[in-house]
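# Structural overview for review
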Amino acid sequence: MVRRCWLSTLVRKKIIAETGAGQHGVATATVAARLGLECTVFMGSTDVERQKLNVYRMKLLGAKVVAVESGTKTLKDAMNDAMRHWVTHVDDTFYIIGTAAGPHPYPMLVRDFQSIIGRETIRQCDEQIGRQPDAVVACVGGGSNAIGMFYPYLNNRDVRMVGVEAGGYGLFGNDHAAPLCKGRPGVLHGNRTYLMEDENGQIMGTHSVSAGLDYPGVGPEHAWLKDVGRAEYVASTDEEALAAFRDLTRIEGIMPALESSHAIAHGMKMAKEMSSDQVIVINLSGRGDKDIHTVAEIDGLEV
Amino acid sequence: MSRISSLFAELEKQGKKALIPYVTAGDPNPAVTVDMMHGLVKAGADIIELGVPFSDPMADGPTIQLACERALEHNTSLRDVLAMVAEFRQSNADTPVVLMGYLNPVEAMGYETFAKAAHESGVDGVLMVDMPPEESGENAQIFSDNELDIIYLIAPTTTNERIAEIAKFSSGYVYYVSIKGVTGSASLDVADVEQNLVRIRERVNVPVGVGFGIKDGVTAAAVAKVADGVIVGSALVNKIAENANQPDQAITEVTAVLAEMRTAMDA
């Protein structure tokens, strides 16, 4: 992130970003504060409501948060509005896309920067267990943390790569955000990939308990990894993700983001079918503080 | 020669410029669109750009976003839009119709199926906002095999090298986006447009239509002095929005705006 912003300071004074859960928005606002850049973050109004903590964090960091009221008021609409703003202010503004989607070269840029995750994993596995894992698991919304984990492992065929999409209320209906599991190829936001769409090519509303996975498309490189069979893509439901959130919090004392909880839920399923000397690395892509309100509400509590 | 090319040739002989209105098909409801198209022709339209509603119109400002939403409330699909053009053609064989929109509805229908059906319905050209020339490849071939002109956008930020690339794939006309922004944005700067048209014309062999920021007779006439065609969208769609519950009134007000532009351009 810091490197991407350094690039932008060379030519432009303002940066914009879109965000779902607010993680990317907070990261962008942080470096903007550090580098003295003007920062505007576009966020669907539904997500502004359910990710209040991150919204406040961004504001404290000096960013302007624009609540997007168009369409389904979630991540895809935030991206639409960020693109509209960008083409209108292209002379002085740099758009930092928060996922491995969007028009070329964004999917490639984001993949390359996020690859620090996979490179670090390779090194730590080497140091700590003296070998590479049998499987790596990551949640997939737009797919940036997953592609960052997968990319350095692409040529190591001994490592299974598993992406976990948002199963929402279940894959039988349309209340999920799992285009790789249930969608079909189409064009959105300047890339051709798997999409949640109706028979007429209109993009469908999605549902996930986690704002960061609530996106009807997915980075095009994941679509390719699915088609060539190098990576597997599955889904965890809201309920499974919430159970994993509670488990990791109680058992390990680590409170994961609801996004990452999808990967944890599936990782635990996989572990049951593997032997105890095998190793799974689950990418814990975000922390869960921001989701406390959502979980409390599900528990019927007010925080 | 395509219906679009013949039209521009004929207008050139008459010393006139093309007036090209845009409306979103199915806005405010699908029953209005064909009458609206005939109304536009009576008011002086030379070509009609008919918008195919899309759920995520990312190059459009609020005016056309809302038009898409109104049309999609009635589930206006690409097939419905083609049916509207076919109905329009029953009593108008001359006015070219260009479908303008986003690629995904075409992807969903299939390029071959779409191109064939569009040609049979009487569509003359397609302008797909998110189909850049370098990704057009086979699809461009399928469109031209079915006698559909392919209209591309050129923006103020488009480099000369890229304009030359776009020229290779263009037919009918090219659409110069007069300002950096989305549809329905601020007013354009005619001197700036004129300057950009010089570099575009050096590289493009087809006529150049100019759109974005044309609001009334004055701006239409000013642009007509420098461009081959004047494209107007949001100024018309605003009138539809104001009269969404009275479609007849919407047609009256939209055509009044267009007629004012025609008069100003021809003066």
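### Notes on the overall build of chain A
Each helix and strand counted, chain A has 13 helices and ten strands in total. In terms of overall size, chain A behaves like a compact globule, its C-alpha atoms giving a radius of gyration of 18 Å where 303 residues would be expected to give roughly 19 Å. By its C-alpha atoms, chain A is 55 × 45 × 45 Å across when sized along the principal axes. Burial status across chain A gives 55% buried among its 303 residues. Summarising the internal contacts of chain A: among those between residues at least 6 apart in sequence, 70% fall at separations of at least 24.

### Digging into the overall build of chain B
Of the regular secondary structure elements, chain B holds twelve helices and nine strands. Scaling as 2.2 N^0.38, a compact globule of 267 residues should have a C-alpha radius of gyration of about 18 Å, and chain B matches this with 17 Å. Each principal axis of the C-alpha distribution contributes one length, and for chain B these read about 45 × 40 × 35 Å. In chain B, once contacts between residues fewer than 6 apart in sequence are set aside, the share between residues at least 24 apart is 76%.

### Observations concerning the sheet that holds strand β9 (residues 229–232) of chain B
Residues and elements named next belong to chain B. Taken together, nine strands build an open sheet; the order of strands is β5-β4-β3-β2-β1-β9-β8-β7-β6 and the sheet is parallel. Sheet topology places β5 (149–150) and β6 (153–154) at the edges, where each strand pairs with a single neighbour. In this sheet, strand β3 (residues 97–101) lies alongside strand β2 (residues 48–51) in parallel orientation, the contact comprising four bridges. Each bridged residue has a counterpart across the sheet, and for I48 the counterpart in β3 is V97. Most of the contacts of helix α11 (residues 234–242) go to strand β1 (residues 18–24), to which it runs at about 40 degrees, and overall it touches β1 and β9.

### Points about the interface of chain B and chain A
Interface size is commonly expressed as the accessible area that is lost once the parts come together. At the junction of the two partners, chain B supplies 20 residues and chain A supplies 20 residues. For the side of chain B that touches chain A, the secondary-structure elements that each account for two or more residues are α3 (62–73) and α5 (103–109) of chain B. Residue contributions to the side of chain B that touches chain A peak at six residues, all from α5(B). For the side of chain B that touches chain A, a count of residues per class yields nine nonpolar, seven polar and four charged.

### Here we look at helix α12 (residues 247–266) of chain B
Residue and element names in this part refer to chain B. Look at α12: 28 Å from first C-alpha to last across 20 residues, which is about the 28 Å you get at 1.5 Å a residue. Within α12, the full set of buried residues consists of A250, I251, V254, T255, V257, L258, M261, R262 and M265. For α12, the angular spread of buried residues about the axis comes to 155 degrees, placing them on one side. The exposed residues of α12 that point more than 90 degrees off its buried face are D248 and A256. Against β1, α2 (33–42), α10 (217–226), β9 and α11 lie the buried residues of α12.

### Description of the domain arrangement of chain A
Residue and element names in this part refer to chain A. Annotation of chain A at the domain level lists domain 1 (2–98) and domain 2 (111–298). Placing the centre of domain 1 and that of domain 2 at their C-alpha centroids yields a distance of 23 Å. Taken together, the contacts link 18 residues of domain 1 with 19 residues of domain 2. Elements that contribute at least two residues to the side of domain 1 that touches domain 2 include exactly α1 (2–11), α3 (45–50), α4 (52–60) and α5 (75–88).

### Digging into the sheet that holds strand β10 (residues 280–282) of chain A
Residue and element names in this part refer to chain A. Pairing is parallel in the open sheet, where four strands are placed in the order β9-β6-β5-β10. Strands at the two margins of the open sheet, each flanked by one partner only, are β9 (231–237) and β10. Averaged over all pairs of adjacent strands, the angle between strand axes in this sheet comes to 25 degrees, irrespective of strand direction. Here strand β5 (residues 135–139) runs beside strand β6 (residues 160–168); their pairing, made up of five bridges, is parallel. Bridging across to β6, C139 finds its partner in V164. Along the sheet face, helix α11 (residues 238–252) touches β6 and β9 and points at about 85 degrees away from the line of β9.

### Topic: the nonpolar core
If you look at the biggest cluster of nonpolar residues, it comprises 176 residues, and the most contacted ones within it are V136(A), F150(A), V174(B), V230(B) and L236(B). The dominant element in this core, judged by the number of residues it contributes, is α12(B), at seven residues. Those residues in contact with L236(B), other than ones at most four positions away along the chain, are P21(B), Y22(B), V23(B), V254(B), V257(B) and L258(B).

### Some words on the pairing of β9(A)
Residues and elements named next belong to chain A. In terms of residue burial, β9 counts as a mostly covered element, since six of its seven residues are buried. Note that β6 and β9 share seven bridges and pair parallel. Each residue of the ladder has a partner; that of G168, found in β9, is T237.

### Some points on the environment of D134(A)
Residues and elements named next belong to chain A. By the secondary structure assignment, D134 is in the loop between α7 (116–129) and β5. Sequence-wise, D134 and I280 are 146 residues apart; in three dimensions their C-alpha atoms are separated by 5.9 Å. With residues near it in sequence (within four places) discarded, D134 still touches V159, R160, M274, Q278, V279 and I280.

### Here we look at the packing of α10(B) against α12(B)
Residue and element names in this part refer to chain B. Running from N to C, α10 and α12 point in directions that differ by 40 degrees, and their axes come no closer than 8 Å. When the axis of α10 is compared with that of α12, the two are oblique. In this structure, the crossing between α10 and α12 has a hand that is right-handed. For the pair α10 and α12, the contacting residues are G217, V218, A220, A221 and A224 in the first and E260, M261, T263, A264 and M265 in the second. When its residues are assigned to classes, the contact of α10 with α12 shows seven nonpolar, two polar and one charged.

### Some remarks on the packing of helix α2 (residues 23–35) of chain A against α4(A)
All names here are of chain A. The contact between α2 and α4 brings their axes to 9 Å, and the two run at 10 degrees. One element, α2, and the other, α4, form an angle in the roughly parallel class. Counting all contacts with α2, which are made through Q23, G25, V26 and A29, the residues of α4 involved are N54, R57 and M58. Its residues assigned to classes, the contact of α2 with α4 shows three nonpolar, three polar and one charged.

### A few points about the pairing of β9(B)
Residue and element names in this part refer to chain B. In β9, alternate side chains face the same way, and those of G229 and I231 on one face and V230 and V232 on the other are all buried. Here strand β8 (residues 208–211) runs beside β9; their pairing, made up of two bridges, is parallel. Bridging across to β9, V210 finds its partner in V230.

Conventions adopted
Residues numbered from 1 in each chain as written. Chains lettered and ligands numbered in written order. Predicted model: local features only at pLDDT ≥ 70, side-chain atom pairs only at ≥ 80, totals over all residues. Helix = DSSP H or I, 4+ residues; strand = E, 2+ residues; numbered from the N terminus. Rg over C-alpha atoms; globule rule 2.2 N^0.38 Å. Buried ≥ 20, exposed ≤ 12 C-beta atoms within 10 Å, placed from the backbone. Contact = placed C-beta atoms within 7 Å. Pairing = 2+ DSSP bridges. Axes fitted to C-alpha atoms, helices over the stretch in contact; angles between N-to-C directions. Nonpolar A, V, L, I, M, F, W, Y, C, P; charged D, E, K, R; others polar. Expected span 1.5 Å × (residues − 1). Arc of directions from axis to C-beta. Domains from an automatic or database assignment. Core = buried A, V, L, I, M, F, W, Y, C linked by C-beta atoms within 7 Å. Parallel < 35°, antiparallel > 145°, perpendicular 65-115°, else oblique. Left-handed = near helix turned anticlockwise from the far one by under 90°.

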